[in-house]
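Coordinates in review
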Amino acid sequence: GSGQAAVSNFKRKPVIVIVVGMAGSGKTTFMHRLVSHTHESNIRGYVMNLDPAVMTLPFGANIDIRDTVRYKEVMKQFNLGPNGGILTSLNLFATKFDEVISVIEKRADQLDYVLVDTPGQIEIFTWSASGAIITEAFASTFPTVIAYVVDTPRSASPVTFMSNMLYACSILYKTRLPLVLAFNKIDVAQHQFALEWMEDFETFQAAVNADSSYSSNLAQSLSLVLDEFYKNLRSVGVSAVTGAGMKDFFNAIEASADEYMETY
Ligand code: GDP
Ligand code: MG
C-alpha cells in the first residue's frame, strides 16, 4: 500500500481491533466472547482495557489502563465528576502510549490480534483528543480496524437505526479506518431487517414512512448518505452471549486488515 503502510517495517500482524459502541451495546461482553474464542481457536490474542472506570472485567487483560491510572484518585485530585475523571484518566494514559506501542511491537511476532475495549460512554473515546491520539498511534504502527457494536434489538425502529448508523458513519470519517458493524444480541433479535435496510435504501425509506410518528425529508435524504456509507464497511451478526457469528466476525476483521494494507 501507500502512505503509512509504505514504511519499511510495517507488518501485517498483529491486527488491532478497537471495540466501540453505544453504552450497553455489549462491548465488554463481546470482548469476553472474543477472548474466549481466541483461546478455543488457537488464535494468539492480546487484550487491552482502556476503560478506567470498569469495576470488574470478565476477562484477563494483558494491558489495563487501571494498572497505570487510578480513576478514583484522578477524580479527587482534579475535582472531577465521573465523565471528567474517565476523560482525564484517558488523557494521562495517552501521554504514555508510545510505551504501550513498544510493548506490542516487541511481541508482534507472537500475536495475531490486539483486542481493545473502550470506555462505556462512546464519545469519551471517539470524540476526545486522547482517543484520537491512541487510535492514531495504533494505526501508524499496525493494521487497525474499528469494530462498532450495535444493540440490534434496540435498533429495530428505523429512526433509532438511522441515528446509530449516523454515529458509526461519523466514526468512519473521523478515523478513516476500516469499520466492521457487529450487530450484537442476535440471540434476542435477528439482524436481517438491518441487512435489508442497508441493502436497499428504498426499503429503509418505506420503513421510515410507515413509522407514522416520524417521517421527514431529512430522514429520506440521510438514508441516501448512509447508502454511500454502507458501501464502505462490512457487517456481521453476532451474539456475545451465545457466541454466534464469531467466525464471520474474524473473517470480516481479516478482510478489513487486508483492505488496510492496500489502502493506508
Ligand atoms: P457495554 O456497556 O457496551 O460494555 O455493554 P455490556 O457488555 O456491559 O452489556 C450490556 C448488557 O447487555 C448486559 O446486561 C449484557 O449481559 C447484555 N448483553 C451483551 N451482549 C449480549 C448478547 O449478545 N445477547 C444478550 N441477550 N444480551 C447481551
Ligand atoms: Mg463496557
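The structure displayed is predicted, hence computed values, not measured ones.

Rules used throughout
- Residues numbered from 1 in each chain as written.
- Chains lettered and ligands numbered in written order.
- Predicted model: local features only at pLDDT ≥ 70, side-chain atom pairs only at ≥ 80, totals over all residues.
- Heavy atoms only, no water.
- Near = heavy atom within 4 Å.
- Polar contact = N/O pair within 3.5 Å; in protein donor to acceptor, adjacent residues only side chain to side chain.
- Areas by Shrake-Rupley, 256 points an atom, 1.4 Å probe, with all protein chains shown as cover.
- Helix = DSSP H or I, 4+ residues; strand = E, 2+ residues; numbered from the N terminus.
- Phe/Tyr/Trp six-rings, centres within 6.5 Å; stacked < 30°, edge-to-face > 60°.
- Buried < 20%, exposed > 50% of the residue type's maximum accessible area, 1.4 Å probe, protein only.
- Lys NZ or Arg CZ within 6 Å of the ring centre and 35° of its normal.
- Salt bridge = Lys/Arg side-chain N within 4 Å of Asp/Glu carboxyl O.
- Expected span 1.5 Å × (residues − 1).
- Arc of directions from axis to C-beta.
- pLDDT = per-residue confidence, 0-100.
- 1 Å grid on protein atoms, 1.4 Å probe; cavity = no way out; pocket = protein on both sides within 12 Å on 5 of 7 lines; lining within 4 Å.
- Points joined across faces, edges and corners; volume = space filled by probe spheres on them.
- Nonpolar A, V, L, I, M, F, W, Y, C, P; charged D, E, K, R; others polar.

Let us look at the site of ligand 1. Around ligand 1, a shell composed of 14 residues is seen, among which Gly24, Lys27, Thr29, Asp187 and Ala240 lie nearest. At 3.0 Å from an oxygen atom of ligand 1 is found a side-chain nitrogen or oxygen belonging to Lys185. A total of 580 Å² of accessible area belongs to ligand 1 in isolation, and the protein chains cover 67% of it. If you tally residues by element for the shell around ligand 1, the top one is helix α1 (residues 27-40), at three residues.

On to the packing of aromatic side chains. Within this structure, the stated rule accounts for 13 aromatic pairs. Geometrically, the ring pair formed by Phe161 and Phe183 is stacked, given 6.4 Å between the ring centres and 10 degrees between the ring planes. Of this pair, Phe161 sits in helix α8 (residues 158-175) while Phe183 sits in strand β6 (residues 179-184), placing them 22 residues apart in sequence. For Phe161, a relative accessible area of 0% gives the class buried. Ring centres 5.6 Å apart and planes at 85 degrees place the aromatic pair Phe249 and Phe250 in the edge-to-face group. What links up through ring pairs into an aromatic cluster is the set Phe161, Phe183, Phe193, Trp197 and Phe204. If you follow Lys13 out to its NZ or CZ, it ends over the ring of Tyr113, 5.0 Å from the centre.

Summed over the entire model, instances satisfying the criterion amount to nine salt bridges. Its salt-bridge partner being Arg12, residue Asp258 comes within 2.8 Å of it at the nearest N-O pair. Residue Asp258 is found in helix α12 (residues 246-263), and its partner Arg12 is found in the segment before β1 (15-21); the two are separated by 246 residues along the sequence. The exposure class assigned to Asp258 is partly exposed, which follows from its relative accessible area of 35%. Residue Glu228 pairs with Lys231 through a salt bridge whose shortest N-O separation is 3.6 Å. Of the residues examined, Glu228 reaches a relative accessible area of 43% and is grouped as partly exposed.

The end-to-end C-alpha separation of helix α11 (residues 217-230) is 20 Å, in line with the 20 Å expected for 14 residues at 1.5 Å each. Of all the positions in α11, only Ala219, Gln220, Ser223, Leu226, Asp227, Phe229 and Tyr230 are classed as buried. Here the buried residues of α11 occupy an arc of 160 degrees about the axis, which is enough to place them on one side. Among the exposed residues of α11, those oriented more than 90 degrees off its buried face are Asn217 and Leu218.

Per-chain confidence: the protein averages 93 in pLDDT, with 95% of residues scoring 70 or above. Here the predicted complex scores 0.94 on pTM and 0.99 on ipTM.

This next bit is on the layout of surface pockets. Reported here for the largest pocket is a volume of approximately 270 Å³. Considering the residues around the largest pocket, the lining is formed by 18 residues, among which Thr135, Lys174, Thr175, Arg176 and Leu177 are closest to the centre. Only α6 (122-126), α7 (129-139) and α8 provide two or more residues apiece to the lining of the largest pocket. Of the residues forming the lining of the largest pocket, the biggest block, five residues, is contributed by α7. Within the lining of the largest pocket, the residues separate by chemical class into nine nonpolar, six polar and three charged.

Bringing the environment of Lys13 into the picture now. As for its position among the elements, Lys13 is in the segment before β1. Residue Lys13 is classed as partly exposed on the basis of its relative accessible area of 26%. In sequence terms Lys13 and Val114 are 101 residues apart; their C-alpha atoms lie 9.3 Å from each other. There is a polar contact of 3.3 Å between the side chain of Lys13 and the side chain of Glu254.

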